[in-house]
Amino acid sequence: MEQTEGIVLRSFDVRETSKLAVFYTRDFGVLKGLAKGARKKQKYFGSSLELFSYDYISFYKSRNGEVHLIGKCEQKNFYAGIRENILKSTFAAYWMEIVQELIRDKDEKLFDFLLSSLAYLEKEPVLSPLLLPFFELNLLKLAGYGPVLNYCVSCKKESDTYKFSPILGGIICPDCYHKDYRSIDILPNTITLMNLLTKTQMDKLSRISATPKLLGQVKGVIHYYLFHSIGKRPKMLRFIDETIKEKIFAEVSSSTVP
Ligand SMILES: [Zn+2]
């Protein structure tokens, strides 16, 4: 029997009573496990197979398949503070989706980044608008897709103007524009803010401010790069846009009540 810590990236019902869970684990990277009878044996699994639950997992390694048999899951953190807030739970679900799309292998630094991100999301009363771009950019970096933002990624020269090339993985100078016709405009302020986001800590994010225009540009560039790296637009992003719109609408509505 093997043991490790893991975070549930995804789980779904299989057959009559079982569940299949995909974890990101500290010692094995992405791990798929079958929890036989999980929907009946509440005392063994409880809520430990819910999305983004942080667990201590005991499992039997499969000899020939990629799905292992989970013996027991002890929940270390359910993140109730995230679950009771619709916006926070949508963010966490989105994070689990993009982690699953970008990461396979074991990486303790990434595992700790996920844990500290969930802890921050749970305790922070007011979320910075830069939280999602921060997470996306640093996840890309940890996954080995960190964009080059200090000089042209192609010829290494510095320039006053650049475009952003998702294919080459960073900014490119005018001499190199022809190397990627799908590169997009990027302004110096956007490059500066993206650089800052890769160097700061999550709990210092509230000290950084950005105009709505700059925030929009940073989000646009990061998403363009993220979609290119994953090969599609993540499903949860639509829910995030809808949740934010509804939240703003609810705040506006409640503030107009005398
Ligand atoms: Zn160049």
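Just so it is clear, the structure is predicted and the values come from calculations on it, not from any experiment.

Q: Explain the layout of surface pockets here, please?
A: Over the atoms a probe the size of a water molecule is rolled, and this reveals where empty space is left. Reported here for the largest pocket is a volume of approximately 520 Å³. Taken together, 21 residues line the largest pocket, and the ones lying closest to its centre are Leu9, Arg10, Val22, Glu97 and Gln100. At the level of secondary structure, the elements contributing two or more residues to the lining of the largest pocket comprise strand S1 (2–14), strand S2 (18–25), strand S3 (29–35), helix H3 (86–102) and helix H8 (236–255). At five residues, H3 tops the list of elements feeding residues into the lining of the largest pocket. Along the lines of polarity and charge, the residues of the lining of the largest pocket split into 11 nonpolar, two polar and eight charged. Formed jointly, the lining of the largest pocket draws a minimum of three residues from each of two domains, domain 1 (2–78) and domain 2 (84–255).

Q: Would you mind going over the coordination of the zinc ion with me for this structure?
A: Geometry reference: four tetrahedral donors at a metal, ideal angle 109.5 degrees. Six octahedral donors, ideal angles 90 or 180 degrees. Coordination of the zinc ion by the protein involves Cys152 (SG), Cys155 (SG), Cys173 (SG) and Cys176 (SG), with metal-donor separations of 2.3 Å. If you look at the zinc ion, its four donor atoms make angles of 105 to 114 degrees with each other, and the shape they trace is tetrahedral. Every donor residue of the zinc ion comes from the same chain, spaced as C-x2-C-x17-C-x2-C. Here the two residues Cys173 and Cys176 agree in accessibility, since each one is buried.

Q: Explain the pairing of S1 to me, please; I cannot follow it from the model alone.
A: For a regular strand, side chains alternate in direction, first toward one face of the sheet and then toward the other. Bridge count between S1 and strand S4 (residues 54–60): six bridges; the pairing is antiparallel. Residue pairing for S4: Gln3 is matched across the bridge by Ser58. Bridging between S1 and S2 involves eight bridges; their strand directions are antiparallel. Paired with Ser11 across the strands is Ala21, a residue of S2. Counting the residues that bridge the hairpin from S1 to S2 gives three residues, and of these Arg15 lies at a positive phi of roughly 50 degrees.

Q: Explanation requested: the sheet that holds strand S5 (residues 67–77) in the structure shown.
A: In a beta sheet, neighbouring strands are held together by backbone hydrogen bonds and run either parallel or antiparallel to one another. Taken in spatial order, the five strands of this closed barrel run S1-S2-S3-S5-S4, and their pairing is mixed. Strand-to-strand twist of the sheet, defined as the mean angle between neighbouring strand axes without regard to direction, takes the value 50 degrees. Packed on one face of the sheet, H3 meets S1 and S2 and runs near 105 degrees to S1. Against the sheet, helix H4 (residues 108–123) makes contact with S1, S2, S4 and S5, and its axis sits at roughly 65 degrees relative to S1, the strand it touches most.

Here is what the cut-offs are and how they apply
- Residues numbered from 1 in each chain as written.
- Predicted model: local features only at pLDDT ≥ 70, side-chain atom pairs only at ≥ 80, totals over all residues.
- Heavy atoms only, no water.
- 1 Å grid on protein atoms, 1.4 Å probe; cavity = no way out; pocket = protein on both sides within 12 Å on 5 of 7 lines; lining within 4 Å.
- Points joined across faces, edges and corners; volume = space filled by probe spheres on them.
- Helix = DSSP H or I, 4+ residues; strand = E, 2+ residues; numbered from the N terminus.
- Nonpolar A, V, L, I, M, F, W, Y, C, P; charged D, E, K, R; others polar.
- Domains from an automatic or database assignment.
- Donors = N, O, S within 2.8 Å, 3.2 Å for Na, K, Ca; no water.
- Tetrahedral: all angles 85-135°; square planar, octahedral: opposite > 155°, others 65-115°.
- Buried < 20%, exposed > 50% of the residue type's maximum accessible area, 1.4 Å probe, protein only.
- Pairing = 2+ DSSP bridges.
- Axes fitted to C-alpha atoms, helices over the stretch in contact; angles between N-to-C directions.
- Contact = heavy atoms within 4.5 Å.

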